[in-house]
Every structure is written in C-alpha cells, then in structure tokens.
Amino acid sequence: MSGRSNSFDVAIVGGGHNGLVAAGLLAKAGRRVVLCEALPTLGSACGTSTLVPGVRVPKCAHVVSGFPPSLIRQLKLKKYGLHVLQKNVGRVALDPDGRHIPLCASAGATREAIFSWSSRDADAWSGFSKTMDALVRALRPVYAESAPKLIPDNLRGRLEWLRHYVGERKRGASSFQKVLRLLPSNAADFLDDSFETDLLKGALSLDASIGSFHGPYSPGSLFYWAWQRAGETASASGTLQVAGGPGGLTAALTKAAEAYGAELKTSAPVQSITAKDGQIRGLVLQNGDEVSCPIVISTVDPKATYLQLLGPRNLDAGLVGDVNRIRMRGSSAKVNLALERIPTFPKADESTLAGRLLLAPSLLDVERASNSQKYGILPDHPVMEVTLPSIMDETLTPEGRHVLSVVIPFMPFDLDRGWDAGGDILVDKVVKTLGEYSPDLPDLVMAGEVLVPPDIESHCGVARADWHQGELTLDQSMMMRPTPQLAEEAGSIKGLFLGGAGAHPGGGLTGRPALHAVAAAVRFSKETRL
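Residues numbered from 1 in each chain as written. Predicted model: local features only at pLDDT ≥ 70, side-chain atom pairs only at ≥ 80, totals over all residues. Heavy atoms only, no water.

Enquirer: How do you make sense of the nonpolar core when you look at a structure like this?
Expert: If you look at soluble globular proteins, the nonpolar side chains tend to sit buried side by side. Membership of the largest hydrophobic core comes to 47 residues, with the highest contact counts inside it found for Leu-103, Leu-204 and Trp-225. Of all elements in the fold, only helix H3 (107-115), helix H4 (119-144), helix H6 (173-182), helix H7 (187-194), helix H8 (198-209), helix H9 (221-233) and helix H14 (363-374) reach the threshold of two or more residues within this core. For this core, the element with the most residues is H4, which contributes eleven residues. With sequence-adjacent residues up to four places away left out, Leu-204 is seen in contact with Leu-103, Trp-125, Phe-128, Leu-191, Phe-195 and Trp-225. Listed in part, the 42 residues of the second largest apolar core include Ala-61, Leu-75, Leu-253 and Ala-257. (Core = buried A, V, L, I, M, F, W, Y, C linked by side-chain atoms within 4.5 Å. Buried < 20%, exposed > 50% of the residue type's maximum accessible area, 1.4 Å probe, protein only. Helix = DSSP H or I, 4+ residues; strand = E, 2+ residues; numbered from the N terminus. Contact = heavy atoms within 4.5 Å.)

Following this line, the structure appears as structure tokens:
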C-alpha cells in the first residue's frame, strides 16, 4: 500500500452512537483509539436535518430510548453539551375525536381515559400491566448485561444461568409458567385476550411492532415487545428527549471522545479488516491508508463485518453459512415536516402532544399495514408514531414555528412500483392521515423531507434500513445474537468484537452493544497483555 500507516490500540469501524460510545470509553481509559466512519458526518441514524433555514428536525431517530444514566455520567456528557429536556417520554393513543388514551402516564390517568371507552378494559388494565411487567422483568437482567453463554464452559457462566433461573423461579411456579408460555406467543392474541377497545389495542400493537418486520399476529411478536420494553426500562430515565434531538447526543459523544483523545475520521470508508493466523492486524481504508492495531470493534452490521470487510477466507465454512443466514429486513420510513405553527389536535394540550403519539385506529389496521410490506406495496392506511419535538426543544425552530417527526413502520425496502414515485405517494398518505387527526395540519406545512428505506441505508448508513442490524427474534437474540458462535464474543478471530446493533442486546439508542464490546475488548487485552 502506498498510503500512510498508523498504529493504535483499538480501531472502531462505524461512527454511529455505538461507535462514539466505544471510542469515548476506550480513549478515557487511556487507549489510543481511531474511529473510521464512511459518511461525511458522525451519528448515523442520530442526525439532524435542516428543512428550511433555522428549522431543524431529528433526521431519522427522534427519541433516545434506554441510554444509561451511568454512561452519561461516565463520559461526562452533560459537560460536553448534552441537555436532557424530558425523561420517561410517554406514549399516547391518539383519537381523531379527542378521546385520547395516555399509555405511560400514571396508572390512574390511563384507567380513567380507558374508562371513557370501556369499563371492562379499565378494570383489566391493572392485570395487563402486571403481566407485561412480569415479562419485562424476566428479560431485563439479560438485556442489561452481556448475554449468558448458550453452553457455559466455566463456573461463572453456570452461575449466571442459575441466577437468572432462580430470580424468576422464586416468584412462584404460576408466574414462571406464564412467562414461559407467553414469550414465544404473539402480541395480538395477548391484546385480544386483555381488551375490547380497538383504539387501545391498535396503539399497543403498533408499539409492539414498530422497528420490526413482523406484525402483531406473528409468533414471537410478544417477545419483541417485551424485549424492547426491557431495554427502555433498563434505564431509570426511560425514553429521553434531548436538546437538538438524537443529534444532540451525537454532538456530546463526539466532543467527549475527542476530549479524551480519540481520533475520529469521517469520509473514511474501510475497505477491509486484516487478520493473520486468526488474529486481528488492523484496517485498510479505501484511500489506501492502513491502521495497525490488535483490536477492532465493528459497529457496522455482522454481515458486512464478517463477509465483506474480514472476508470468508478468514472464517470457517460453518460460520460463513450462519452469518449469511442472518435475517436483515428493515421496514421503516421517515417523514419530517416544518410547520408554520403548532397544529390543532382535538382535546390535546401541549403536554399531550409532547409525547410519542401513536396513530393506529385498531389492531387490524396494524396487521394490514404489516402485511403490505410482505408484498412490496404501500399500505392503504399507514400507521405511525409521531412526535412534535419543537414543543419542548426551542433550539430546533424560531419562535412560533414547529417541526413534526413521523416514523412509518412496515415500509418495504424494495417497493413494487419503485421508490422514485413511491416517496411522494407515501408523503401524501402520511399528510392525509395526519389531517384526519388534525384538520388544519396539511395547510401548515412549509417544507418537508421523506426518507424511504433505501434513503435510510444510503444517508444514514443503516444497511437494509434495519435499525437492529438483524431481526430481533427469539432465534436471533441473547446468546444467539447474531449467531451462537459470534455471541461467544470473538468467534474464530481473536481481537475482533461486534459493538453495533447486530450484537446483543440489539438496536435502539442505548449504547449497550458498545458497552459490552468495550468490556470484552478490555478483557481480551488484559488476557493477552496487549
């Protein structure tokens, strides 16, 4: 190679929030760290778009869910500009006629709102919440820690399994049996057994499905829902809204990592991860520069890491097959709108509109929307999660102006008619649907942008628009994520660790995959005295 050669302790591939977390932690611990990001900017899905001069909106992700307060303290992110505006951001089942149901407020407020629809459902809410809490409680310890090994080979691993088992078993046989029975089942049956109100079941089934390829009737959808809730509640602060949107988190992580001494490279796509005799040797960038290091943490997806950057020649045939079989099917699009003023939603004040608004009239509407993606078509009636971040965040817009952020699930990556025309059709459907809830909203739109799944891949670096870098299903989670062999931290290549959403515990802006990768890399460094 004719390019420059540089020596570091650790190289990180990918500059999303997980890559920045890893860079900051390792640099703060005194390691020489370089991070290489292919895009011109850092943050991946945690970016910000400017719709018109002075009007900004979260580009892709619009809230920060499950980011550990301990990590904020450890990296001193508030010192570097992180400003938390709202903790435990609530969800609201939005109704066109104003009979909204708050889902994450106090239990009493939720029951009172449900009572206006159904006294039976109001009475059932407490039992439903207790069952859901039991599922989440069973998963939360596994989510928050490195996943136990499938077959423990030492006393520590066996004790981890025993601790998890005893923790659930001591709650009683009936509770333990219910958890084991419900987790592999589907969210729709669980909701149908619990409630009769369409709006309530619609909003909850949307919450259970968003970010996945499956609909609420798919087996395992209840596990996905509980797993996502486990991630959110593993942080005492739950879901956060931060100043500047998730881009504000990116900015603070960037400043922290640089202050601790990490070298952050943008527009620096990696051509290959080099290894010799089963040991990492470094990176080769597409411009010819070489990075020499004994440890690489990759935060790009496992398929790209092992099959493209490392290459099958460095892997055994069984592992190549396992990685090839990882299912990656993202299914979300994003629409961002700049508004002349705050829109009017019947009987919804600003405190209601500051939450995560779930637009899903019924469970059947969510299931129908999920079915459309399987056939490469747009749903007739899209369901969506909406936020108005400018209500709490004055840094996004001039006084009086507002922005609206919409995540639309169940969008096929490969649209039958093609996305060149499909993007405009999607925007029309979204604005029409929003107008059913807020009649004045369509006339308030000043500007906007649409990110369809191929845009999310190219603009945000999220392969196949899958923010989990591999579906989060029972067979691709915990000690089997992304594959059983790779879940054993290093696979067959010493010094290579996965620190992105494709690793345990999965996607979302939690930083936990990076935490686990850093811990594994530090252990490896001590064991090998690197």
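Enquirer: I'm lost on the sheet that holds strand S7 (residues 84-86) in this one. Help?
Expert: Adjacent strands of a sheet pair through backbone hydrogen bonds, lying either parallel or antiparallel. In spatial order, the strands read S6-S10-S7; together these three strands make up an open sheet with antiparallel pairing. Since the sheet does not close on itself, it has two edges, and those belong to strand S6 (64-65) and S7, each with one partner. Across two bridges, S6 lies against strand S10 (residues 239-242) in antiparallel orientation. Bridge assignment links Val-64 to a residue of S10, and that residue is Leu-240. (Pairing = 2+ DSSP bridges.)

Enquirer: Explain the sheet that holds strand S17 (residues 356-359) to me, please; I cannot follow it from the model alone.
Expert: As summarised here, the arrangement of the seven strands in space is S9-S8-S17-S18-S19-S16-S20, forming an open sheet in which the pairing is mixed. Each edge of the sheet is formed by a strand with only one pairing partner; in this case those strands are strand S9 (101-102) and strand S20 (445-451). When strand S16 (residues 332-339) meets strand S19 (residues 402-409), the two strands line up antiparallel, connected through eight bridges. Bridging across to S19, Ser-332 finds its partner in Pro-409.

Enquirer: Teacher, can you tell me more about the packing of helix H1 (residues 17-28) against helix H17 (residues 512-528) here?
Expert: Packed helix pairs are specified by the crossing angle of their axes together with the interaxial distance, meaning the distance between the axes. Across the interface, H1 lies against H17 with an axial gap of 8 Å and an inter-helix angle of 40°. Between H1 and H17, the crossing angle belongs to the class labelled oblique. The handedness of the crossing between H1 and H17 is right-handed. Each of Asn-18, Val-21, Ala-22, Leu-25 and Leu-26 in H1 lies in contact with H17, whose residues at this interface are Arg-512, Pro-513, Ala-514, Leu-515, Val-518 and Val-522. (Axes fitted to C-alpha atoms, helices over the stretch in contact; angles between N-to-C directions. Parallel < 35°, antiparallel > 145°, perpendicular 65-115°, else oblique. Left-handed = near helix turned anticlockwise from the far one by under 90°.)

Enquirer: I keep staring at the packing of aromatic side chains and nothing clicks. Help me out?
Expert: The relation between two aromatic rings is expressed through the spacing of the ring centres and the mutual angle of the planes. Under the counting rule described, the total for this entry stands at nine aromatic pairs. Plain terms: the ring middles of Phe-128 and Trp-225 are 6.2 Å apart, the flat faces sit at 40° to each other, and that makes the pair tilted. Placement of the pair is Phe-128 in helix H4 and Trp-225 in helix H9, with a sequence separation of 97 residues. Put simply, the rings of Trp-125, Phe-128, Phe-190, Phe-195 and Trp-225 touch in pairs and so form one group of aromatic residues. Sitting above the plane of the Tyr-260 ring, Lys-28 keeps its charged end 5.9 Å from the centroid. (Phe/Tyr/Trp six-rings, centres within 6.5 Å; stacked < 30°, edge-to-face > 60°. Lys NZ or Arg CZ within 6 Å of the ring centre and 35° of its normal.)

Enquirer: Explanation requested: helix H12 (residues 317-324) in the structure shown.
Expert: Within an α-helix, residues lying three or four positions from one another point in the same direction, as the helix has 3.6 residues per turn. Residues of H12 that are buried include every one of Leu-319, Val-320, Gly-321 and Val-323, and no others. For H12, the secondary structure elements touched by its buried residues are helix H11 (302-310).

Enquirer: I would appreciate a short explanation of the side chain of Asp-440 in the present structure.
Expert: Looking at where Asp-440 falls in the secondary structure, it is placed in the loop between helix H15 (419-437) and S20. Residue classification places Asp-440 among the buried positions, given a relative accessible area of 17%. Side-chain polar atoms of Asp-440 contact the side chain of Arg-341, separated by 3.1 Å. There is a polar contact of 3.2 Å between the side chain of Asp-440 and the backbone nitrogen of Thr-344. (Polar contact = N/O pair within 3.5 Å; in protein donor to acceptor, adjacent residues only side chain to side chain.)

Enquirer: How do you make sense of the pairing of strand S13 (residues 279-285) when you look at a structure like this?
Expert: Two faces, one strand: in a regular strand the side chains alternate between the faces of the sheet. Summarising burial for S13: six of the seven residues are buried, a large majority. As defined by bridge partners, strand S12 (residues 270-276) adjoins S13 across six bridges and the pair is classed as antiparallel. When the bridges of S13 are listed, Lys-276 appears paired with Gln-279. In this structure, the hairpin formed by S12 and S13 is closed by a connection of two residues, where Asp-277 is found at a positive phi of approximately 55°. The pairing of S13 with strand S14 (residues 290-292) spans three bridges and is antiparallel. Counted as the bridge partner of Leu-283 is Val-291 from S14. What sits between S13 and S14 in their antiparallel hairpin is a turn of four residues, with Gly-288 showing a positive phi close to 100°.

Enquirer: In this structure, what is going on with H14? I would like to understand it.
Expert: For H14, built from twelve residues, the straight-helix expectation of 16 Å at 1.5 Å per residue is met to within 8% by its first-to-last C-alpha distance of 18 Å. For H14, the full list of buried residues reads Leu-363, Asp-365, Val-366, Glu-367, Ala-369, Ser-370, Ser-372 and Gln-373. Those residues of H14 hidden inside the fold are in contact with H7 and H8. (Expected span 1.5 Å × (residues − 1).)

Enquirer: How should the pattern of salt bridges be read in this particular structure?
Expert: Side chains carrying opposite charge are able to pair once their charged atoms draw close together. Within the structure shown, the criterion is met by 15 salt bridges. Here Arg-32 and Asp-9 are joined by a salt bridge, their closest N and O atoms 2.8 Å apart. Note that Arg-32 is positioned in the loop between H1 and strand S3 (33-36) and Asp-9 in the loop between strand S1 (5-7) and strand S2 (10-13), a separation of 23 residues in sequence. By relative accessible area, Arg-32 is classed as partly exposed at 45%. Of the charged contacts, one joins Arg-464 and Asp-414 as a salt bridge, the two residues approaching to 3.2 Å between their closest N and O atoms. With Arg-464 in the loop between helix H16 (453-460) and strand S21 (496-498) and Asp-414 in the loop between S19 and H15, the pair connects residues that are 50 residues apart, well separated along the chain. (Salt bridge = Lys/Arg side-chain N within 4 Å of Asp/Glu carboxyl O.)

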